[in-house]
4 protein chains.
Amino acid sequence: MNIGHKRWVIADGYIPPSSSGTSRELVSHDAICILNCDVEDAHVQVTLFFSDREPVGPYRFVVNALRTKHVRFNEFSDPEPVPHNTDYASVIESDVPIVVQHTRLDSRQPALALMTTMAFPA
Amino acid sequence: MNIGHKRWVIADGYIPPSSSGTSRELVSHDAICILNCDVEDAHVQVTLFFSDREPVGPYRFVVNALRTKHVRFNEFSDPEPVPHNTDYASVIESDVPIVVQHTRLDSRQPALALMTTMAFPA
Amino acid sequence: MNIGHKRWVIADGYIPPSSSGTSRELVSHDAICILNCDVEDAHVQVTLFFSDREPVGPYRFVVNALRTKHVRFNEFSDPEPVPHNTDYASVIESDVPIVVQHTRLDSRQPALALMTTMAFPA
Amino acid sequence: MNIGHKRWVIADGYIPPSSSGTSRELVSHDAICILNCDVEDAHVQVTLFFSDREPVGPYRFVVNALRTKHVRFNEFSDPEPVPHNTDYASVIESDVPIVVQHTRLDSRQPALALMTTMAFPA
């Protein structure tokens, strides 16, 4: 199946600066969930935009054919980690069509909050 | 009314592994809410995608004409249950147009969290 | 400005059956937020779909020209109130283009949860 | 990159009237997150719509080329502050294409809630 778009945008990027949970699953995070329904691997690159400095990237990774990958901005490291408690936005580009959903888990206060939206297909 | 699309995608699938509520309504769940405005029954099939293994499915069910059905991934059993605390994604296909909305209730911590988005019409 | 669509769909309708807040603003509710940017009043009618019975409606109201109206399903009464703790879906139709956003506030547990999505323009 | 639309709509505007957090990051807020991927600065103007009075605006600001700006309705002041605990909606217009995401943080009760959706491209 050839499903989705090759470029997606998320305008609200933010990694909460603290967590009330300690396990990986309950640590505050900002994530992109990607589905690749193609029979070819997807070579994905993410560019980050900030309020007060030049864009950073690309961050590169592969989403294998017929697989999903849920990626946390918290765990990006190359070319540089993503700062916490800082507004950013992202453009996600792929060489094959993918579907991208944006989800944040915020456990700063004692009871997590969630938000999600489909990214914008651009 | 002939409303919607025949194929929808959700990239962020996840069933929280625990719950602070015990009633069915407060158990953590990941769900697809489907509306069939057609005068024909919708024969729906869902395929699940994972990060590290082959897709699983189809899971099949019917959404009757002029009815809605809110289905929890937690309660899928055939061909196999959906693992908890595991990243997945899903493609929902129907023989008549439907509308699909994705909603998760997460009650791991003492105070539930909610998130929702329209699925992506593909 | 002539903005939006004349028909929108929400697949996940649900009114939580209890609340931890008592003021109107903190009572659990399921709502549609409508913007009418047109210079003509919008005559809106909502049809509700259920899992196990015939559709109910139309519920009728007006959103005046250049006004927004945030309407709670909880407060619908004619032709009949909307049952709580029951799955439903809705189709919103207007004679002029409008924009519809779906939002739920769930305060069953001691700390409210929120979810929102643009409705599906059909 | 020329990404997005020049007009976006948010139908559910609401600033919660209180907060359990005191730092700026935990104060209840209703926000628009904007990404400008263009090489030209985006001159943005926001018009607010209410349930019972004439529209207010425009509120004007610039999102620089290749930058993101996350703007809180709480902090709008010219032509007038946005009332709290009041239903509103907004139309966001720009002279170059932008992407707009709507996010609310509600910390009225002791444990914040989050919601987000892409705005509607009109």
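Our structure is the block above this text.
Report on the accompanying structure. (Residues numbered from 1 in each chain as written. Chains lettered and ligands numbered in written order. Predicted model: local features only at pLDDT ≥ 70, side-chain atom pairs only at ≥ 80, totals over all residues. Heavy atoms only, no water.)

Looking at the overall build of chain A
Note the cut-off: The helix and strand labels rest on DSSP assignments: H or I over at least four residues marks a helix, E over at least two residues marks a strand, and numbering proceeds from the N terminus. Note on method: radius of gyration uses C-alpha positions; expected globular size equals 2.2 Å times residues raised to 0.38. Relative accessible area decides the class of each residue, using a 1.4 Å probe on protein chains only: under 20% of the type maximum gives buried, over 50% gives exposed, and in between gives partly exposed. Shrake-Rupley sampling with a 1.4 Å probe provides the accessible areas, and residues are treated as covered by the protein chains on show and by no other component. For the charge count, each Lys or Arg is scored as positive and each Asp or Glu as negative, with His and the chain ends excluded. Throughout, a charge is located at the NZ atom of Lys, the CZ atom of Arg, the CG atom of Asp or the CD atom of Glu.
When its secondary structure is counted, chain A shows 0 helices and 8 strands. Computed over its C-alpha atoms, the radius of gyration of chain A comes to 14 Å, within 12% of the 14 Å expected for a compact globule of 122 residues. By its C-alpha atoms, chain A is 40 × 30 × 25 Å across when sized along the principal axes. The 122 residues of chain A split such that 60% are buried. For chain A, the exposed surface amounts to about 4,300 Å²; the carbon and sulfur share of it is 48%. Across chain A, the centroid of the 10 positively charged side chains sits 3 Å from that of the 15 negatively charged ones.

Details of the environment of A:Val91
Formally: Contacts are assigned to residue pairs that have any heavy atoms within 4.5 Å of one another.
Positionally, A:Val91 belongs in strand E6 (residues 88-106). Look at A:Val91 and you get buried, because its relative accessible area is 0%. In this structure the C-alpha to C-alpha distance between A:Val91 and A:Gly57, which are 34 residues apart in sequence, comes to 10 Å. Residues within four places of A:Val91 in sequence aside, it is in contact with A:Arg7, A:Trp8, A:Val9, A:Gln45, A:Val46, A:Thr47, A:Phe49, D:Met1, D:Ile3, D:Leu35 and D:Cys37.

Observations concerning the packing of aromatic side chains
Quick note on the threshold: When two rings of Phe, Tyr or Trp (its six-membered ring) have centres within 6.5 Å they constitute a pair, described as stacked for plane angles under 30 degrees, edge-to-face for angles over 60, and tilted for the intermediate range. Two conditions define a charge located above a ring, namely a distance within 6 Å from the ring centre to NZ of Lys or CZ of Arg, and an angle within 35 degrees of the ring normal.
All told, the structure shown has 24 aromatic pairs over all chains when counted by the stated rule. Relative to C:Tyr88, the ring of C:Phe73 has its centre 5.2 Å away and its plane inclined at 70 degrees; by these criteria the two rings are edge-to-face. Taken as a pair, C:Phe73 in the loop between strand E5 (67-72) and strand E6 (88-106) and C:Tyr88 in strand E6 lie far apart in primary sequence, 15 residues in all. The same class applies to C:Phe73 as to C:Tyr88, namely buried. Among the aromatic residues, those joined into a cluster by ring pairs are A:Phe50, A:Tyr59, A:Phe61, A:Phe73, A:Phe76 and A:Tyr88. Looking at B:Arg53, its charged tip hangs above the ring of B:Phe50, at a distance of 4.0 Å from the centre.

Section: the relation of the copies chain A and chain D
For the record, the criterion: The copies are overlaid by a least-squares fit using only the C-alpha atoms of residues whose pLDDT is at least 70 in both copies.
When chain A is brought onto chain D, the operation consists of a screw motion whose angular component is 90 degrees and whose axial shift is 0.0 Å, with 0.0 Å RMSD remaining. Seen this way, the second copy is the image of the first under a four-fold rotation axis.

Comments concerning the interface of chain A and chain D
For clarity, the threshold we go by: Once two parts are brought into contact, the accessible area they lose, counted with a 1.4 Å probe and summed over both, makes up the buried area. A pairing counts as a salt bridge when a side-chain nitrogen of Lys or Arg comes within 4 Å of a carboxyl oxygen of Asp or Glu. Within 3.5 Å is the distance limit for a polar contact, defined as a pair of N or O atoms, with the added protein rule that one can donate a hydrogen and the other accept it, and that residues adjacent in sequence qualify only through two side-chain atoms.
Taken together, the 38 residues of chain A in the interface contact 32 residues of chain D. Across the chain A/chain D interface, buried area totals approximately 2,600 Å², and carbon plus sulfur atoms make up 63% of it. If you sort the residues of chain A by the area they bury against chain D, A:Ala11, A:Gln109 and A:Phe120 come out on top, with a joint share of 24%. Counting across the chain A and chain D interface gives 2 salt bridges. Salt-bridge contacts for D:Arg67 lead to A:Glu54; the nearest nitrogen and oxygen are separated by 2.9 Å. Linking chain A with chain D are 15 residue pairs in polar contact (both at pLDDT 80 or more). When contributions to the side of chain A that touches chain D are tallied by element, the ones reaching two or more residues are strand E1 (5-13), strand E3 (42-50), E6 and strand E7 (113-118) of chain A.

Quick notes on the pattern of salt bridges
All names here are of chain A. Evaluated as defined, the whole model comprises 28 salt bridges over all chains. Between aspartate 12 and arginine 104 there is a salt bridge, with its nearest N and O atoms 3.1 Å apart. With aspartate 12 in strand E1 and arginine 104 in strand E6, the pair connects residues that are 92 residues apart, well separated along the chain. Summarising the burial analysis for this pair, aspartate 12 and arginine 104 share the class buried. A salt bridge links glutamate 80 to arginine 53, with the shortest nitrogen-to-oxygen separation between them at 3.1 Å. In this pair, glutamate 80 sits in the loop between strand E5 (67-72) and E6 while arginine 53 sits in the loop between E3 and strand E4 (56-63), placing the two residues 27 residues apart along the sequence. For glutamate 80, a relative accessible area of 27% translates into the label partly exposed. Overall, arginine 53 belongs to the partly exposed group, its relative accessible area being 30%. One network of salt bridges, with partners in common, ties together Asp12, Asp30 and Arg104.

Regarding the state of the cysteines
Residue and element names in this part refer to chain B. Defined as follows: Only a pair of cysteine sulfur atoms within 2.5 Å qualifies as a disulfide here.
Per the stated rule, a full pass over the model turns up 0 disulfides over all chains. Cysteine cysteine 37 shares no disulfide, and the gap to the nearest cysteine sulfur, in cysteine 33, comes to 14 Å. Owing to a relative accessible area of 1%, cysteine 37 belongs among the buried residues under this scheme.

Quick look at the pairing of strand E7 (residues 113-118) of chain C
Residues and elements named next belong to chain C. Here is the rule we go by: One bridge is not enough; two strands pair if DSSP finds at least two bridges between them.
Within E7, 6 of the 6 residues are buried, leaving the element largely enclosed by the surrounding structure. Alternating positions in E7 separate into two faces, Ala113, Met115 and Thr117 on one and Leu114, Thr116 and Met118 on the other, with burial throughout. Here 6 bridges tie E6 to E7, and the two strands are oriented antiparallel to one another. Each bridged residue has a counterpart across the sheet, and for threonine 103 the counterpart in E7 is threonine 116. With antiparallel pairing between neighbouring strands as the criterion, E6 and E7 make up a hairpin whose turn holds 6 residues, including alanine 111 at a positive phi of roughly 150 degrees.

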